[in-house]
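Descriptive structure summary
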Amino acid sequence: MKKLYKLKLIALAISTTFITACGDAETKIVEKDPIVVEDEHNHDDDDHDHDDGYTIDSLGRLAVLAGDSNEASFYDLDDNSLLETFTLTNDSNTLSSSPDFRYAVIASRDQDYLGFIDGGLWREDHGEHLHDYEQSPAASSYELTSGSRPTHLITHDGQLAVFYDGDADSGTVASVEVLTDNDITSATATLPGISYDINMHGVAEPRGEHLLSTLRRDDSESTSVAKVLPDQVGVYHFHDGEYELEQTLEVTCPDLHGAAQNYDYVVFGCSDGVLLAHQHDDEYEAEKIANIAAVGDLRIGSIYGHEDSETFIGVASGHSGGEAVIVTINPATAQMEELEWQLADGASAVSYSFSAHGEHFLILDSLGFLNVFSAHDHDGEMHWELAGQVDITQADVTTMPEGMSFSMTVAQNGHFAYVADPIAQHVVQVHLKDLEVEGELKLTFPPASITWLGIAEEVEDEGHDH
């Protein structure tokens, strides 16, 4: 497998010498042969043409944040046409999607700001039928500006939980707000949430009527080394228009960072392992899976889960990045094991994601390879194996613009992932089953981040009950 990286690594070594010698920030883009589009999405399993007069057959839309300006552009993925470009309020932003994928969420942590742009595709349930709508993208006047330092934005099952860290220097406290796409559309003035009495770098997982959110104890009691990190989890229940703390999980989670959930568990990353919160009706029981030897002195600070995946993926790394160990977490058996795969020498992971229905897990690396894993059942246990790699760039990776990287997003209505390349200034469409690049969206600027928007494919209820 390392032979695939040989040419890129040679270029990396040469470039390092040049950068050390001159320190010139100028980027030279070497023109490569264009990517050939093999077909026009002729896949039976990607056919979304319902033709019932109410639903829309569309690949969706792509929101792209520019790396050289404070602009966000929106493209129609059916014909790759530019629909609208918006100038954003702030210069430093992150980009994500609303829980039902109608809106692009623009967050600026340092400016205590969240804004929304309507992607223009959405669905309503009219009882006797589902009704889809299509319009041009439009900026929303709805903004969230009352919280301090919006940091972790977690979506699950139609809800978005925004965790505001607060700030010790200014004396602002941490808080949480929970909203839906309907709240954005209706410009809901007062959102349900939590207000703490201290700042913390925390996270909240929305789960129907429940909200599992972190708790920071007094520094003299906390088991965290970094006291700004919480070490406990509280279970909040929504009723009478408010969230009330009904349960505090007894198992501590030192230096808590990162969280994810599936249909039965919520998992939090700790310095000594992972905390499992297992739901039984309105009660949760907690247990700890200790770190395995492969994790060493690192901390599992990022966790990825999917409603239909029995296992979670955890990433252990140092606070400043560098070395990373990827593990699989099986809460049902309370086991953790190292993923039987490693990045090639010189590569680092830049983005992780489950596919739309959880059958694939994706790791995009700094050398421009999309590593696609598939879940397989062996003796009743789920294991992840590398299904293949897709080389998404023909450019010299050493010419990556300073401070930028490859980025990706996953379509929620088929088997496509979209990968942005700041060097070539384009986005490629990857079919996750065929492991092939099947399309190209050309840009006129380097993309900093992308997110898919549109009408998610309806999935049959498999009986998961929270």
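Located above this text is the structure these notes cover.
For clarity, every value in this text was computed on a predicted model and none was experimentally measured.

Some words on the overall build of the protein
- Scanning the protein for helices and strands turns up two helices and 34 strands.
- Counting across all 466 residues of the protein, residues that qualify as buried make up 52%.
- Sequence separation of at least 24 residues holds for 52% of the intrachain contacts in the protein that already meet a minimum separation of 6.
- When the accessible surface of the protein is summed, it comes to about 21,400 Å², and 45% of that surface belongs to carbon and sulfur atoms.

Some remarks on the environment of threonine 214
- Tracing the chain through its elements places threonine 214 in strand S15 (residues 210-215).
- Since its relative accessible area comes to 0%, threonine 214 is described here as buried.
- In the structure, threonine 214 is positioned 13 residues away from histidine 201 in sequence and 8.9 Å away in space, judged by C-alpha atoms.

Brief notes about the nonpolar core
- One finds Leu362, Leu370, Ile392, Val419 and Val430 to be the most contacted residues of the largest nonpolar core, which totals 23 residues.
- Among the elements of the structure, strand S27 (360-365), strand S28 (369-378), strand S30 (407-410), strand S31 (416-421) and strand S32 (426-431) are those that each provide at least two residues to this core.
- Among the elements that make up this core, the one with the highest residue count is S28 (three residues).
- Once you skip the residues sitting within four places of it in the chain, valine 419 turns out to touch Leu364, Leu370, Ile392, Ser407, Met408, His426, Val427, Val428, Val430 and Ile450.

Side note on a negative patch on the surface
- Where like charges cluster on the molecular surface, the negative patch consists of Glu209, Asp240, Glu242, Glu244, Glu246, Asp281, Asp282 and Glu283.
- Per-element accounting of the negative patch gives the leading share, three residues, to strand S17 (residues 242-248).
- Along the chain, aspartate 282 falls in the loop between strand S20 (273-280) and strand S21 (283-290).
- We classify aspartate 282 as partly exposed; its relative accessible area is 41%.

About the thresholds
Residues numbered from 1 in each chain as written. Predicted model: local features only at pLDDT ≥ 70, side-chain atom pairs only at ≥ 80, totals over all residues. Heavy atoms only, no water. Helix = DSSP H or I, 4+ residues; strand = E, 2+ residues; numbered from the N terminus. Buried < 20%, exposed > 50% of the residue type's maximum accessible area, 1.4 Å probe, protein only. Contact = heavy atoms within 4.5 Å. Areas by Shrake-Rupley, 256 points an atom, 1.4 Å probe, with all protein chains shown as cover. Core = buried A, V, L, I, M, F, W, Y, C linked by side-chain atoms within 4.5 Å. Patch = residues over 30% accessible without salt bridge, like charges linked within 9 Å, V, L, I, M, F, W, Y side chains within 5 Å. Salt bridge = Lys/Arg side-chain N within 4 Å of Asp/Glu carboxyl O. Lys, Arg positive; Asp, Glu negative; His and termini not counted. Charge placed at Lys NZ, Arg CZ, Asp CG, Glu CD.

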